[in-house]
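Read off the chains here:
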Amino acid sequence: MFSKSKINEPGPKADDAPKPAPISDASRSPNPEFKPSAPPKAKPPASVLSSDLHITGNLRTTGDINVEGTVEGDIRAHLLTIGESATIKGEVVADDVVINGRIVGRVRGLKVRLTATARVEGDIIHKTIAIESGAHFEGSVQRQDDPLSTRGKTGAPKPAGAGTPDVPAS
């Protein structure tokens, strides 16, 4: 049950025996940039807006949203899934957009997917797009390398020196 350890045994005194040099933290030369951190946080589950929920206003998150209800306003998210019973009236901006329901407004996304039950009335600005057979779409489709950029809603910015110089009216 209990064992005798060497800690309690008498041994040579500190003055009697030579000691090896103690190893200090500095002599180990660890990576000076290393900082112990907490374990990585698990990705939170997607926020779900149920089919009986009606929201008037804008939604913004860095996470995922699954919309089953009605939203009158703009939505910005990482992954946005529009359920079959959902209706969005506003601009949608997300890295990944999966549309099963109805959107009236502009869609901006790196990856946009319209399923067979999708109904979109508005422009789609994307990096990659997939439109399944049976999807209803009315608007224009424009490919951009950075569709999430908000610097110009009509397209690429003018190069420097393009156009007429600013001349005050006389």
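Residues numbered from 1 in each chain as written. Predicted model: local features only at pLDDT ≥ 70, side-chain atom pairs only at ≥ 80, totals over all residues. Heavy atoms only, no water.

### Points about the overall build of the chain
Turning to step 1, where the next piece is worked out: A tally of regular secondary structure across the chain gives zero helices and 14 strands.
Turning to step 2, where the next piece is worked out: Going from N to C terminus, the chain has its helices and strands arranged as β-β-β-β-β-β-β-β-β-β-β-β-β-β.
Turning to step 3, where the next piece is worked out: Residue burial in the chain is summarised as follows: out of 170 residues, 28% are buried.
Turning to step 4, where the next piece is worked out: If you take every contact in the chain between residues at least 6 apart in sequence, the share linking residues at least 24 apart comes to 7%. (Helix = DSSP H or I, 4+ residues; strand = E, 2+ residues; numbered from the N terminus. Buried < 20%, exposed > 50% of the residue type's maximum accessible area, 1.4 Å probe, protein only. Contact = heavy atoms within 4.5 Å.)

### Describing the confidence of the model for the chain
Turning to step 1, where the next piece is worked out: Residue-level pLDDT values for the chain average 80, and 64% of them are 70 or greater.
Turning to step 2, where the next piece is worked out: Low pLDDT, under 50, characterises residues 153-170; the stretch is placed with four contacts to residues that sit more than four places away or in other chains. (pLDDT = per-residue confidence, 0-100.)

### Overview of a nonpolar patch on the surface
Turning to step 1, where the next piece is worked out: Residues Ile-129, Ile-131 and Val-141 make up a contiguous nonpolar surface patch of about 220 Å² in total accessible area.
Turning to step 2, where the next piece is worked out: As for its position among the elements, Ile-131 is in strand S12 (residues 124-131).
Turning to step 3, where the next piece is worked out: With a relative accessible area of 46%, Ile-131 lands in the partly exposed category. (Patch = residues over 30% accessible without salt bridge, like charges linked within 9 Å, V, L, I, M, F, W, Y side chains within 5 Å. Areas by Shrake-Rupley, 256 points an atom, 1.4 Å probe, with all protein chains shown as cover. Salt bridge = Lys/Arg side-chain N within 4 Å of Asp/Glu carboxyl O.)

### As for the sheet that holds strand S5 (residues 70-72)
Turning to step 1, where the next piece is worked out: Strand order in the open sheet made by the six strands is S2-S5-S7-S9-S11-S13, with parallel pairing throughout. On the outer flanks of this sheet lie strand S2 (54-56) and strand S13 (136-138), each paired with one strand and no other. Averaged over all pairs of adjacent strands, the angle between strand axes in this sheet comes to 5°, irrespective of strand direction. (Pairing = 2+ DSSP bridges. Axes fitted to C-alpha atoms, helices over the stretch in contact; angles between N-to-C directions.)

### With respect to the nonpolar core
Nonpolar side chains in soluble globular proteins tend to be buried together.
Turning to step 1, where the next piece is worked out: In terms of nonpolar packing, the biggest core is built from 23 residues, with Val-67 and Ile-99 touching the most fellow members.
Turning to step 2, where the next piece is worked out: Mapped onto this core, the elements with two or more residues apiece are strand S4 (64-67), strand S6 (75-82), strand S8 (92-99) and strand S10 (107-114).
Turning to step 3, where the next piece is worked out: For Ile-99, the residues in contact, after removing those within four places along its chain, are Ile-82, Val-107, Val-112, Arg-113, Leu-114, Thr-115, Ala-118 and Val-120. (Core = buried A, V, L, I, M, F, W, Y, C linked by side-chain atoms within 4.5 Å.)

### As for the environment of Thr-81
Turning to step 1, where the next piece is worked out: For Thr-81, the location among the structural elements is in strand S6.
Turning to step 2, where the next piece is worked out: Taking the C-alpha atoms as reference points, Thr-81 and Asn-100, separated by 19 residues in sequence, lie 7.6 Å from one another.
Turning to step 3, where the next piece is worked out: Setting aside residues no more than four positions away along its own chain, Thr-81 makes contact with Ile-65, Asn-66, Val-67, Val-98 and Asn-100.

### Some points on the environment of Val-71
Turning to step 1, where the next piece is worked out: Examined against the element boundaries, Val-71 turns out to sit in strand S5.
Turning to step 2, where the next piece is worked out: The class of Val-71 is buried, set by a relative accessible area of 1%.
Turning to step 3, where the next piece is worked out: Residues Val-71 and Ile-55, 16 residues apart in the sequence, show an inter-C-alpha distance of 4.7 Å.
Turning to step 4, where the next piece is worked out: Look past the residues within four positions of Val-71 in its chain and what remains in contact with it is Leu-49, Ile-55, Gly-57, Leu-59, Thr-87, Ile-88 and Lys-89.

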